[in-house]
Amino acid sequence: MPSSELMPIGVFAQRSGLTSSALRFYADSGLLPPADVDPVTGYRYYTAAQLERATTLRQLREIAMPLAAVEAVLAAGADEAARLLDDYVAKIEGDAAAARRKAAVIKSALGGNVPGLLIATLKGPVLADAVEQVLTATAYELGMAVLAGLHIEASDEAIVLTATDRYRLSTRTLVPARSAEQTWAGTVDGDDLRAAVADVRRSALIRIEAVPHGIWLRMPEREDRHCRTLPVEFPDHRLMLESLDDVTTRVTISKDLLLRVLEEHPNEHVVLHITDHSVNVRSPNDEHPGIPLSATVTGEARQIRFEMTTLYPAVSTAIGPDVMLDLRGHNQPVTIRSADRGDLTTLAMPIKLDHSA
């Protein structure tokens, strides 16, 4: 091989992102042997063709993958390598969740196992459904951890779950089997709640207790689950609800029919053209009248445009066979809820709202 095709270890280190000492280590371990070694000086040389393997090796080590697992990934085909990576990440996530649970138990023991403040006692399946429904309005944004949380407000009459991603706001009110010992409010980590939902659903009753920096989900038949609270202030959603304009148009429509049309809709944006007796679903800038759906409409005829990622979750999580849409003025969110149950409400911000011609 001509020497012009070889790179000294220093040059290869710069191009691969690995240090020279790391390259020596991986060469000695057999993961990345040099293409050539000078028999006199012992200098190691590499080729450009080895850069891809070196880069992959570096990336795998950056996620703390053990050498044996790295070797298996590098030796595997694309599909098998992807599976090995998925298995590794799943193990990390499982280990992290187990560590959080053990740490919560240790913290509780360090505090003398003082009972937490009773927030509420709820039926497990009911709480699990409510958590999953409301969490559809969460989002992950850098520097906005509160948007990934679920806000809980407990009183002697009800427990209210709320989440918002700034474009949607979902809230559900539950009546507890046993009321709170005193009023309490906090924002709970959404991922912790998602991880606990399966156990919650299989428990007849859940006792929710507030402790410093978190809540405990006490389950008689299962391991108790600890969920962290977020040290951030939740947006003043009540002020927003109180400032909403009066409803100008109300639409009641079959939830299943609307979902079916939305699922078949080819565009990321959707327009609802509301007349006095139907809702036509179409794409923006489409002159075709769209797919008409029978509906009960009171108030003004309107035309409203949504992002699919905003409208679909709001409709799909509504409870009951029919969904109700309350429309207001310009730059006002649309309220979407069950037509016959008011315990789950979603406010969805449209892209555009016009009076129909």
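Rules and cut-offs
- Residues numbered from 1 in each chain as written.
- Predicted model: local features only at pLDDT ≥ 70, side-chain atom pairs only at ≥ 80, totals over all residues.
- Heavy atoms only, no water.
- Helix = DSSP H or I, 4+ residues; strand = E, 2+ residues; numbered from the N terminus.
- Rg over C-alpha atoms; globule rule 2.2 N^0.38 Å.
- Buried < 20%, exposed > 50% of the residue type's maximum accessible area, 1.4 Å probe, protein only.
- Contact = heavy atoms within 4.5 Å.
- Areas by Shrake-Rupley, 256 points an atom, 1.4 Å probe, with all protein chains shown as cover.
- Lys, Arg positive; Asp, Glu negative; His and termini not counted.
- Charge placed at Lys NZ, Arg CZ, Asp CG, Glu CD.
- Axes fitted to C-alpha atoms, helices over the stretch in contact; angles between N-to-C directions.
- Parallel < 35°, antiparallel > 145°, perpendicular 65-115°, else oblique.
- Nonpolar A, V, L, I, M, F, W, Y, C, P; charged D, E, K, R; others polar.
- Core = buried A, V, L, I, M, F, W, Y, C linked by side-chain atoms within 4.5 Å.
- Left-handed = near helix turned anticlockwise from the far one by under 90°.
- UniProt positions renumbered as here; feature names shortened; annotations may be inferred.
- Phe/Tyr/Trp six-rings, centres within 6.5 Å; stacked < 30°, edge-to-face > 60°.
- Pairing = 2+ DSSP bridges.
- Salt bridge = Lys/Arg side-chain N within 4 Å of Asp/Glu carboxyl O.

**Some details on the overall build of the protein chain**
When helices and strands are tallied, the protein chain shows 10 helices and 20 strands. For the protein chain, whose C-alpha radius of gyration is 28 Å, the value lies well above the compact-globule estimate of 21 Å for 357 residues. Taking the principal axes of its C-alpha atoms as reference, the protein chain extends roughly 90 × 65 × 30 Å. Out of the 357 residues in the protein chain, the part that is buried amounts to 45%. Sequence-distant contacts, at least 24 apart, represent 61% of the contacts inside the protein chain between residues at least 6 apart. When the accessible surface of the protein chain is totalled, it reaches about 18800 Å², and 53% of it is carbon and sulfur. Mean positive and mean negative side-chain charge positions of the protein chain (36 and 48 charges, respectively) differ by 4 Å.

**With respect to the packing of helix α1 (residues 9-16) against helix α2 (residues 20-28)**
Think of two packed helices as two axes; the pair is described by the angle between the axes and how far apart they sit. Two elements in contact, α1 and α2, have axes separated by 9 Å at closest approach and are oriented at 100°. One element, α1, and the other, α2, form an angle in the roughly perpendicular class. From α1, Ile9, Gly10, Phe12 and Ala13 reach across to α2, where they touch Ser20, Leu23 and Arg24. Taken together, the residues of the contact of α1 with α2 break down into 4 nonpolar, 2 polar and 1 charged.

**Focus: the nonpolar core**
Ile119, Leu127, Ile159, Leu161, Ile208, Ile215 and Leu217 are the most contacted members of the largest nonpolar core, which has 33 residues in total. With 5 residues, helix α6 (residues 124-134) is the single largest residue contributor to this core. When neighbours within four sequence positions are excluded, Ile119 is seen to be in contact with Ala154, Ile159, Ser179, Ala180, Trp184, Ile208, Glu209, Ala210 and Ile215. Formed by 27 residues, the second largest nonpolar core is a distinct cluster that contains Leu272, Val297, Met308 and Ala348.

**Considerations on unusual backbone geometry**
Non-glycine residue Ala64 carries a positive phi angle of around 65°. By the secondary structure assignment, Ala64 is in the loop between α3 (51-62) and α4 (67-75). Located in the positive-phi region is Arg166, a residue other than glycine, with phi close to 80°. Residue placement: Arg166 occurs in the loop between β6 (159-164) and β7 (168-174). Its relative accessible area of 49% is what places Arg166 among the partly exposed residues.

**A look at the packing of helix α9 (residues 255-264) against helix α10 (residues 308-316)**
Packing of α9 against α10 brings their axes to within 10 Å, and their N-to-C directions diverge by 150°. If you check the angle between α9 and α10, you find them roughly antiparallel. Crossing geometry of α9 relative to α10 is assigned as left-handed. On α10, the residues that touch Lys255, Leu258, Leu259, Leu262 and Glu263 of α9 are Met308, Leu311, Tyr312, Val315 and Ser316.

**Some points on the environment of Met349**
Inspection of the secondary structure puts Met349 in the loop between β19 (344-348) and β20 (352-355). Along the backbone, Met349 and Glu157 are 192 residues apart, and their C-alpha atoms lie at a distance of 30 Å. Not counting chain neighbours up to four residues away, the residues in contact with Met349 comprise Tyr167, Phe306, Thr310, Asn331, Gln332 and Pro333.

**Details of the UniProt feature "domain: HTH merR-type" (unreviewed entry) in the protein chain**
This chain's UniProt record puts "domain: HTH merR-type" (unreviewed entry) on residues 6-76. The span residues 6-76 carries 54% helix and 10% strand; its end-to-end C-alpha distance comes to 26 Å.

**Regarding the packing of aromatic side chains**
Enumeration according to the criterion identifies 2 aromatic pairs in this entry. Where Phe12 meets Tyr46, the ring centres are 4.4 Å apart and the plane angle is 10°; that geometry is what we call stacked. With Phe12 in helix α1 and Tyr46 in strand β3 (residues 44-46), the pair connects residues that are 34 residues apart, well separated along the chain. Given a relative accessible area of 0%, Tyr46 falls into the buried group. Ring geometry for Phe25 against Tyr26: centres 5.5 Å apart, planes inclined by 65°, an arrangement best described as edge-to-face.

**With respect to the sheet that holds β3**
Strand order in the open sheet made by the 3 strands is β1-β3-β2, with antiparallel pairing throughout. Because the sheet does not close on itself, it has two edges, and the strands there are β1 (7-8) and β2 (36-37). Judged from the 2 bridges that link them, β1 and β3 form a sheet pairing that is antiparallel. Counterpart to Pro8 in the pairing with β3 is Tyr45.

**What about the pattern of salt bridges?**
Under the counting rule described, the total for this entry stands at 21 salt bridges. Linking Asp326 and Arg337 is a salt bridge whose minimum nitrogen-to-oxygen distance equals 3.1 Å. Residue Asp326 is found in strand β17 (residues 322-327), and its partner Arg337 is found in strand β18 (residues 334-338); the two are separated by 11 residues along the sequence. Residues Asp326 and Arg337 agree in their burial class; the two are buried. Residues joined by salt bridges that share partners form a network here, namely Arg207, Glu209, Arg218 and Asp224.

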